[in-house]
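Structural features, examined
Residues per chain are reported as follows:
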Amino acid sequence: MSKSASKNWWGAAWLEKMERLAESMRFAEGTKYAAGNKVQRIRLDGRTIIATVQDPNEPPRTVRITFDAFSREQWDRLFANVRDRRSLAASLVACDLPLEIQTAFSKAKLRFMPERYVDLHLECGCSDWLKPCKHLVAAWLKFARDFELDPLLLFQLRGMERAELLPFLRGRGAPVPEPEPEAEDPIEEETVPVRLEPLPADPGAYWAERPFPADRKSTRLNSSH
């Protein structure tokens, strides 16, 4: 199995990395195991790939491949080199991984993929003293399909769950909202207290025509005579 078998660049990088890490004979045997459906069960538990590999001459082997987690400081360095975090989040949701993420890893002095087998925690109970053995190679190659379809697994293997990653990318990349204009204080109008007269008990009296009040000027003139 070669990197040309992958449909995208990060899947090809996954395959190529194991091809470089494993001894050539063990890689060839592991490739046959992966292609021959010898990997019976495989799952991801946090940062650990766990698989059961059937061996024709031995009992089934349970293998574990564990990645080291990034610290918060390492995550901050990585995402400080991502130009548009919101765009990265949208790409990941669409099952795509922009190629520029490799540049971000490089600038942050972090490894996109493990460079040596000692960068991984490899467990297998077989008698082979050299790791990765064929069982570990088979599990790695079998997991390639899941890794190829879901690039979010790249971050999960380093300790960042998707439930934490996506809100982080969207929140840190969100534009600062424009401040709302302050509301002006309402102008208080001076009010004059009004004395309410009680309504008459008789409705006819209320609707009856009332005499106009006498003109004050005329009243003063009449009172002067």
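This text follows the structure it describes.
Now for a look at the structure at hand. (Residues numbered from 1 in each chain as written. Predicted model: local features only at pLDDT ≥ 70, side-chain atom pairs only at ≥ 80, totals over all residues. Heavy atoms only, no water.)

Concerning helix 4 (residues 85–93)
Quick note on the threshold: Here's how the labels work: a residue is buried when its accessible area is under 20% of the maximum for its type, exposed when over 50%, partly exposed in between, all with a 1.4 Å probe on protein chains only. A run of DSSP states H or I qualifies as a helix once it reaches four residues; a run of E qualifies as a strand once it reaches two. Both are numbered from the N-terminal end. This arc is built from the directions going out from the helix axis to the C-beta atoms.
For helix 4, the full list of buried residues reads Arg85, Leu88, Ala89, Ser91 and Leu92. Down the axis of helix 4, the buried side of the element spans an arc of 165°, and every buried residue falls inside it. One or two steps after helix 4, the chain reaches Cys95, where phi turns positive at roughly 60°.

Notes on the packing of aromatic side chains
Which entries qualify depends on this criterion: Pairing of aromatic rings covers Phe, Tyr and Trp, the last counted by its six-membered ring, and requires centre-to-centre distances within 6.5 Å; plane angles under 30 degrees mean stacked, over 60 mean edge-to-face, and any other angle means tilted.
A complete count under the given rule lists 14 aromatic pairs for this structure. Arranged with centres 5.9 Å apart and planes meeting at 90°, the rings of Trp9 and Trp10 form a pair that is edge-to-face. Look at Trp9 and you get partly exposed, because its relative accessible area is 24%. A relative accessible area of 3% places Trp10 in the buried class. On the basis of an interplanar angle of 50° and a centroid distance of 5.2 Å, the ring pair of Phe79 and Phe168 is categorised as tilted.

Quick word on the pairing of strand 3 (residues 58–67)
For the record, the criterion: If DSSP finds at least two bridges between two strands, the strands pair.
Relative to strand 3, strand 2 (residues 48–55) runs antiparallel, the two being bridged by seven bridges. Note on strand 3: the bridge partner recorded for Thr48 is Thr66. Pairing of strand 3 with strand 4 (residues 120–123) involves four bridges; the strand directions are antiparallel. Bridging across to strand 4, Thr66 finds its partner in His121.

With respect to the pairing of strand 2
Sheet faces and side chains relate simply in a regular strand, where the side chains alternate between the two faces. With seven of eight residues buried, strand 2 lies mostly within the body of the structure. Between strand 1 (residues 39–45) and strand 2, which pair antiparallel in sequence order, lie two residues; one of them, Gly46, sits at a positive phi of approximately 65°. From the end of strand 2 to the start of strand 3, which pair antiparallel, there are two residues.

Considerations on the pattern of salt bridges
Between side chains of opposite charge, a pair can form as their charged atoms come close. Counted only if it meets this: A side-chain nitrogen of Lys or Arg and a carboxyl oxygen of Asp or Glu constitute a salt bridge if their distance falls within 4 Å.
Taken as a whole and assessed by the stated rule, the structure comprises 13 salt bridges. We note a salt bridge from Arg111 to Asp119, for which the minimum N-O separation is 3.8 Å. The exposure class assigned to Arg111 is partly exposed, which follows from its relative accessible area of 39%. Residue Arg145 pairs with Glu148 through a salt bridge whose shortest N-O separation is 3.0 Å. In this pair, Arg145 and Glu148 are both assigned in helix 6 (residues 134–149), three residues apart and thus about one turn of the helix distant. Among the residues examined, Arg145 registers a relative accessible area of 43% and is labelled partly exposed. Exposure remark for Glu148: the relative accessible area of 7% places this residue in the buried category. Linked through salt bridges whose partners overlap, the residues forming this network are Glu23, Arg26 and Asp128.

Quick look at the nonpolar core
Selection rule: In this description, a nonpolar core means a group of buried Ala, Val, Leu, Ile, Met, Phe, Trp, Tyr and Cys residues linked to one another through side-chain atoms lying within 4.5 Å. Contact between two residues is taken to exist if any of their heavy atoms lie within 4.5 Å; hydrogens are not considered.
Within the largest apolar cluster, 57 residues are counted, with the highest numbers of intra-cluster contacts made by Trp14, Phe79 and Phe155. When residues in this core are grouped by element, the largest group, nine residues, is from helix 6. Once you skip the residues sitting within four places of it in the chain, Phe155 turns out to touch Trp75, Leu78, Phe79, Leu92, Leu97, Ile101, Met160 and Leu165.

Overview of the sheet that holds strand 2
As a reminder, the rule being used: All axes are obtained by fitting lines to C-alpha atoms, using only the stretch in contact for helices, and the reported angles, taken between N-to-C directions, cover 0 to 180 degrees.
Strand order in the open sheet made by the four strands is 1-2-3-4, with antiparallel pairing throughout. This sheet does not close on itself; its edge strands, each paired only once, are strand 1 and strand 4. Ignoring strand direction, the axes of neighbouring strands in this sheet form an average angle of 15°.

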